[in-house]
Amino acid sequence: MAALLRAGAFPGPPAAAAAGLLGLLSLALALGGERGGGSAQFPWDAVRLPKHVVPLRYHLLIHPNLTTLTFAGTAAIEVTVTHQTSVVVLHSKGLHITGAAVEAASGQLAQEAQVLEHQAFEQVALLAAQPLQAGHNYTLSIQYLANLSDTLHGFYKSTYRTREGELRVLAATQFEPTAARMAFPCFDEPAFKARFSIKIRREPKHLALSNMPIVKSVSITPWLVEDHFDTTVKMSTYLVAFIISDFKSISKRTDHGVKISVYTVPDKINQADYALHAAVKLLDFYEDYFSIPYPLPKQDLAAIPDFQSGAMENWGLTTYRESALLYDPEKSSASSKLRITMVIAHELAHQWFGNLVTMEWWNDLWLNEGFAKFMEFVSVNITHPELRVEDSFLRRCFDAMSVDALNSSHPISTPVEDPAQILEMFDEVSYEKGSCVLNMLRDYLTADVFKAGLVQYLQKYSYQNTKNEDLWNSMTDICPTVGSDKNELQGDGFCRRSQQSSSNAHWTKGETLDVRAMMDTWTLQKGFPMVTVTVRGKNVHLQQEHYVKGVDSPSSTGYLWHIPLTYITSKSDTVQRFLMTTKADVIILPEEVEWIKFNVDMNGYYIVHYEDDGWDRLINLLKENHTVISSNDRASLINNVFQLVRVKKLSISKAFDLTLYLKHERQIMPVLQGMTELIPIYRLMERRDTDGTEKQLKEYIVHLFRELIDEQSWSDEGSVSERLLRHSLLLFACVHRYQPCVDKAKAYFTEWQKSNGTLSLPADVKTAVYTVGAQTSEGWDFLLSKYRLHSFNVERENIELALAFSRSEDKLQWLMDQGLRGDIVRTQDLPFIIVFVARNPSGYHLAWTFLKENWEKVVEKFELGSNSIATIVTGVTRRYSTRSQLAQVKEFFSSLEEKSARLHCVQQAIETIEDNIQWMDTNLEKVKTWLQNNYL
C-alpha cells in the first residue's frame, strides 16, 4: 500500500506540498514524451474498450490543491480477467501517469507495468511483465497528476465571490458522458459497473462531498485532512462525483429515513429551503411509485456556481446550476419555481432510471433521459398539483417535433461511437421526444399497466445495464390486475384481452398486445407520422405518411408506424381508440358527425390533417364555441395547422383563419401556442424588407391578445399557470412595444431606479420592466450595476435577457465578450446571451460574427457536440431566410474541420434556413393579402 500513496502524500506545509506537486507535474510532462511516444505500438485500435478485463472495485485517493489548481491521485482498481492477456486498456484523458503496477490477488509481488497512451482515443494501455490469467483477479495501481480542468467538465475549478467581494475557489465534477477519465484512469463505459471507495484530501477549512457519506476523517498533518467515504453500490463511472468547497447545508429526513441535504455557497443557504422540501416529497414519491427503496443512506443536492447543463444525477450527490436549485420566495418567479421542481424531479427519477438501471451504451441514452423527463411530469403532478405541470407537457412535444421533422433528425435509439457523437445524443430527441413517446405508451396501455411494466423492468434489471427491447419486453409481459378475470396470460407470455372489454376502455379485442413491435416503430426510425383524415358519411378514411419539412426530403415510402389513434366527435366526447398498423385504414362511425378531432389532448406523437372541409368545420367549432374541446386539443390544432402549411397541405390563409378565435382564448396552452406560431413569422419578416407587412402582422398579433394583456394585473397573484401566462404576455407586449405596456413598465422602472433597486417589483413582471428599462443607455448601465450585486443573484437570467435587448451594438458586443471572459458574466450563461442577442434586430449580425470569430474558444469551453454548442448554432441562425445568409452559414461551417461541419446542429441550422426561405417565398404575399382582407 505504501507505494500507492506516492503521488498523493506530500509531507510538510501546503506551500511545500504545492511545490512538490508542481515539481512532479513538470517531471511528468517531461516523461510524457516517451510514455506513449513513438517507441511502442499502441496495442488496441478501437474506440470501445476490450471486454476481457472487467473492473470490480476502484479505490481512489484524490488530492486537489485549490491554490495551484492541480491535483494528484492514486487509483487501485480490482479487476477480473476473462481470458489471458498481457495488456489492460482503459480510459485516461489529460492525466500524467507517474507510475503503474499490476498485482495478482493471490498476493504475489506487484510488478511494474509499462504505460502507453493513445491520445486520440483517450486511452492508456498497461503492459504487464507477465500475462494476466483468465479466471483470476488483479489490482491495477496507477499514480498520476493533473491540472483541474478550466472547462465545465471533468474535475474542474469553479469560483464565486462572497458578499464582501472575496473570490473563493472550489473544485467539482461533471463526468457524464465521458469525462470521469479526466479525474482518474477508469473503464469509462456505462456497462463497466463497479463499486467505488473514495478518499479525498483537503484543507481543514474545506468540506469534501462524494456519492456516499463520510465514514471517517483522518488528520494527516495539521493542515491536511483525509476524508474516507463509504463504498458505493455497483454503478457506472459517469455517476461518480466529488466536490471540495466551503459550502453550507440544510438537511431533513424523508418518511423513508433518507437524509436529504442541500448544499450552496454560504451566502445563499437561505435560498435552499424550497429545494429541500421539494426533494423530500419527490424522493418519497419515487420510492412508493417504483416499489424499490432508494439504496443509499443520503441524497445531497449541491448548487455549483459554474455549471454547464441544468443538473446532473450523480448517485447520492446530484449537482445543479444555481438557478435550477435556489429559490428566493421574495424575488423568484413562478416559472423559476416550476423549473426548480421539474429539475429536482428529473434528477431524482434518474436515481432509479439511469443509476439503478443504466443503458448498456449511449445509443439508448433515451432510456435514461426520456424516462427522467417523463417522470418529472408523473411525479410533480402528484407531489405539487398546484404547479399544473400538465399545462407545460405539450410544449415539449411540439419542441421535439420541430427538430424531428427535419431530415437531419435521428431515431431515438441511434448508433454512436466517439465522445462528440455521444454528447450529441443529449438533445430534444432523447429527452423530449423520448418523454412524449412514453406518454403515448402510457395512454395506450393505461397508467396501471404502464406502471406495473416499469416496476417489473426496474426490479429485474437493478444494478445492471439494458437495451431498448428489455423495456418493451417488461411492458408486454404485464397482465393488468384490474378486472383480471377478463385477462389471461397466454402460453407465449403475451397478454390477451377478452372480447367483452369495451373498445373505449382498451385498444385491442382479443388481439396480442405486442408493445415491442409498436414501440420499435417509434424508437428505431426517425420522425413521426402525419395522419390524413377524410370523412365520407359514416366512413372515416385514414392514411399515414412520414412528415418531413423542406423541399428535397427523400421519399419516405418505407416509413410505417403503429399509431394508437384516439378521437372524439361532435356526437360523443367519449374517447374512442384504434390502433392503426397499416398505411391506410377505415373506421366506421355509428352515425354521421359534424366534426371529428383526432389525437385527443395530443397524447399521441403525430399530427393530423383533415381533408375536404374537415379543417373548416374545426375552425368553425373554435369560432362558435371553443371550450367544447379541451385546451390541449385547441393548442394541438393551432400547432398542427401551421405545420401543415410547411408541407403545403394547407394554405397559410387557412392557418390564419384559425387564429382569429384566439381573441376569445384565455387558457395558457393555446395562447402560448398561438404566440409560438405567429411571433416567429413576424421575426422572419422583420429581418426582411417586407414593405410594412411585418408591422401589420405585429399589430394583428397584439390585437389578438390585447384584451388578455389589458386584463393582466401587474402583480404575483393567481395560480402558477396564470402567473406564467402573465409573465409571457407582458414580456411579449413590452418587447413588441405595445404602448400601454411600455408606459407601465417605464413607470415601474423609474420608481425602481429611484429607490436604487430596493423597491420590490412583482417577480412575474420584472423581466418586462427590466427589458423596457434597458432600452435607454442609463437604464442599461443601472441594470448592469445591479446584475453585479449579490442581492440580485436569483434575477441574473432575467437581467441578462433585458441587457441583450439593448439597441446599442456596443453594449451587445460587450455583453458577449464578457460572457467569453467569464468574470462579470459567467461563461455558463454565454449560450443564452448569444441567442438573446441573435433574437434582437439590432444584434443578429453581431451574434453571427461573434460565433464565427470565437468558434474555437467556444468549442474548447463547451465541448464539440454539446447541447450548449447546438443551442448557439441553431439559436443564431434560426431566423435566417435569405439565400445569401444560407450561403454564409454553409461557407463558414464547411471551412471548419470535418468534425465541426458534420455536427447535427449544423445540419439542423442549414435545413431550417432552407425551410424559412421556402416558407417566405411561398407565403409572404399570401399573409399580406390575408391581413388586408381580414384585419385592416
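Residues numbered from 1 in each chain as written. Predicted model: local features only at pLDDT ≥ 70, side-chain atom pairs only at ≥ 80, totals over all residues. Heavy atoms only, no water.

Caption draft 1: Region of the structure containing the overall build of the protein chain. Regarding its fold elements, the protein chain presents 28 helices and 31 strands. For the protein chain, whose C-alpha radius of gyration is 29 Å, the value lies close to the compact-globule estimate of 30 Å for 936 residues. Principal axes of the C-alpha set define a box for the protein chain whose edges measure 85 × 80 × 55 Å. Sorting the 936 residues of the protein chain into buried and exposed places 60% on the buried side. (Helix = DSSP H or I, 4+ residues; strand = E, 2+ residues; numbered from the N terminus. Rg over C-alpha atoms; globule rule 2.2 N^0.38 Å. Buried < 20%, exposed > 50% of the residue type's maximum accessible area, 1.4 Å probe, protein only.)

Caption draft 2: Looking closely at the pattern of salt bridges. Under the defined criterion, the tally for this structure stands at 45 salt bridges. Of the charged contacts, one joins Arg 723 and Asp 716 as a salt bridge, the two residues approaching to 4.0 Å between their closest N and O atoms. Judged by its relative accessible area of 31%, Asp 716 falls in the partly exposed class. Residues joined by salt bridges that share partners form a network here, namely Lys 93, Glu 122, Arg 181 and Asp 188. (Salt bridge = Lys/Arg side-chain N within 4 Å of Asp/Glu carboxyl O.)

Caption draft 3: Geometry of the packing of helix H14 (residues 668–686) against helix H28 (residues 904–934). Remark: H14 packs on H28, axes separated minimally by 11 Å, with the N-to-C direction vectors making an angle of 95 degrees. Classified by the interaxial angle, the pair formed by H14 and H28 is roughly perpendicular. Residues Ile 681, Leu 684 and Met 685 of H14 touch H28, and the partners they reach there are Asn 916, Trp 919, Met 920, Leu 924 and Val 927. Taken together, the residues of the contact of H14 with H28 sort by class into 7 nonpolar, 1 polar and no charged. (Axes fitted to C-alpha atoms, helices over the stretch in contact; angles between N-to-C directions. Parallel < 35°, antiparallel > 145°, perpendicular 65-115°, else oblique. Contact = heavy atoms within 4.5 Å. Nonpolar A, V, L, I, M, F, W, Y, C, P; charged D, E, K, R; others polar.)

Caption draft 4: Structural context of helix H18 (residues 766–773). Burial within H18 is extensive, with 8 of its 8 residues counted as buried. Buried residues belonging to H18 abut helix H16 (720–735), helix H17 (739–754), helix H19 (777–787) and helix H20 (796–803).

Caption draft 5: The arrangement of the pairing of strand S25 (residues 529–536) in detail. Counting buried residues in S25 gives 6 out of 8 residues, a clear majority hidden from the surface. For S25 and strand S26 (residues 539–546), the ladder comprises 8 bridges, and the chain directions are antiparallel. Bridge pairing links Met 530 to Glu 545 in S26. As consecutive antiparallel partners, S25 and S26 are separated by 2 residues, and within that stretch Gly 537 has a phi angle of approximately 65 degrees, a positive value. (Pairing = 2+ DSSP bridges.)

Caption draft 6: Representation of the packing of aromatic side chains in the model. One pass over the structure, following the stated rule, counts 55 aromatic pairs. Judged by centre distance (6.3 Å) and plane angle (70 degrees), the ring pair of Phe 184 and Phe 196 falls under edge-to-face. Of the two residues, Phe 184 is situated in the loop between strand S10 (167–174) and strand S11 (195–202) and Phe 196 in strand S11; the sequence distance between them amounts to 12 residues. Each of the two residues, Phe 184 as well as Phe 196, counts as buried. Arranged with centres 6.4 Å apart and planes meeting at 90 degrees, the rings of Phe 705 and Phe 732 form a pair that is edge-to-face. In this pair, Phe 705 sits in helix H15 (residues 693–711) while Phe 732 sits in helix H16, placing the two residues 27 residues apart along the sequence. (Phe/Tyr/Trp six-rings, centres within 6.5 Å; stacked < 30°, edge-to-face > 60°.)

Caption draft 7: Just the side chain of Thr 532, in detail. Locating Thr 532 in the fold gives a position in strand S25. What makes Thr 532 buried here is its relative accessible area of 7%. Those residues in contact with Thr 532, other than ones at most four positions away along the chain, are His 541, Leu 542, Gln 543, Glu 545, His 609 and Glu 611.

Caption draft 8: Quick look at the pairing of strand S15 (residues 242–245). Neither face of S15 is left uncovered, since the one carrying Phe 242 and Ile 244 and the one carrying Ile 243 and Ser 245 both have all their residues buried. Two strands pair when backbone bridges link them, and strand S12 (residues 207–210) and S15 are joined in this way by 4 bridges, in the antiparallel orientation. Bridge pairing links Leu 207 to Ser 245 in S15.

Caption draft 9: Inspection of the side chain of Ser 631 at higher detail. Structurally, Ser 631 is set in helix H12 (residues 631–646). Assessed through its relative accessible area of 18%, Ser 631 is described here as buried. Ignoring anything within four residues of it in the chain, the contact list for Ser 631 reads Gln 667, Met 669 and Pro 670.

Caption draft 10: View of the sheet that holds strand S19 (residues 311–312). Ordered by their spatial adjacency, 5 strands build an open sheet running S16-S17-S18-S20-S19, and the pairing between neighbours is mixed. Both edges of this open sheet fall to strand S16 (248–253) and S19, since each of them pairs with a single strand only. Packed on one face of the sheet, helix H3 (residues 334–350) meets strand S18 (298–304), S19 and strand S20 (317–321) and runs near 150 degrees to S20.

Caption draft 11: Local environment of the sheet that holds strand S3 (residues 85–91). Taken together, 3 strands build an open sheet; the order of strands is S3-S7-S6 and the sheet is antiparallel. Every other strand in the sheet has two partners, leaving S3 and strand S6 (114–118) as the edge strands with one partner each. Each neighbouring strand pair of the sheet contributes to a mean axis angle of 25 degrees, computed without reference to strand direction. Where S3 lies against strand S7 (residues 123–132), 6 bridges are found, and the strand directions are antiparallel. What sits directly across from Val 87, in S7, is Leu 127.

Caption draft 12: Highlighting the environment of Ile 142. Its place among the elements puts Ile 142 in strand S8 (residues 137–147). A sequence separation of 43 residues divides Ile 142 from Gly 99, and the C-alpha atoms of the two residues are 5.8 Å apart. What Ile 142 contacts, discounting residues up to four positions off in sequence, is Gly 73, Thr 74, Ala 75, Leu 90, Ile 97, Gly 99, Ala 100, Leu 126 and Pro 185.

Caption draft 13: Representation of the confidence of the model for the protein chain. For the protein chain, the average pLDDT comes to 91, and 91% of its residues sit at 70 or higher. Confidence drops under pLDDT 50 across residues 480–510; counting only partners more than four residues distant or on other chains, this segment forms 68 contacts. (pLDDT = per-residue confidence, 0-100.)

Caption draft 14: Layout of the packing of H17 against H19. H19 packs onto H17 with a crossing angle of 55 degrees between their chain directions and a minimal axis gap of 12 Å. Here H17 is positioned oblique relative to H19, judged by the angle of their axes. Remark: the crossing between H17 and H19 carries left-handed chirality. Where H17 approaches H19, its residues Phe 749, Trp 752 and Gln 753 are matched on the opposing element by Glu 778, Gly 779, Phe 782, Leu 783 and Lys 786. (Left-handed = near helix turned anticlockwise from the far one by under 90°.)

Caption draft 15: Highlighting the state of the cysteines. The final tally for this structure, using the stated rule, is 2 disulfides. Between the sulfur atoms of Cys 397 and its disulfide mate Cys 436 the distance is 2.1 Å. Taking the sign of the S-S torsion, -100 degrees for the link of Cys 397 and Cys 436, the bridge is left-handed. Here Cys 436 lies in helix H7 (residues 429–445) and Cys 397 lies in helix H5 (residues 390–404), a separation of 39 residues in the sequence. Two residues, Cys 734 and Cys 741, share a disulfide whose sulfurs are 2.4 Å apart. Since a negative S-S torsion denotes a left-handed disulfide, the Cys 734-Cys 741 link at about -90 degrees is left-handed. One exposure class covers both Cys 734 and Cys 741, and it is buried. (Disulfide = S-S within 2.5 Å.)

Caption draft 16: Focus on helix H9 (residues 468–476). Of all 9 residues in H9, 7 are buried, a share of seventy percent or more. Along H9, the residues classified as buried are Asn 468, Asp 470, Leu 471, Trp 472, Ser 474, Met 475 and Thr 476.

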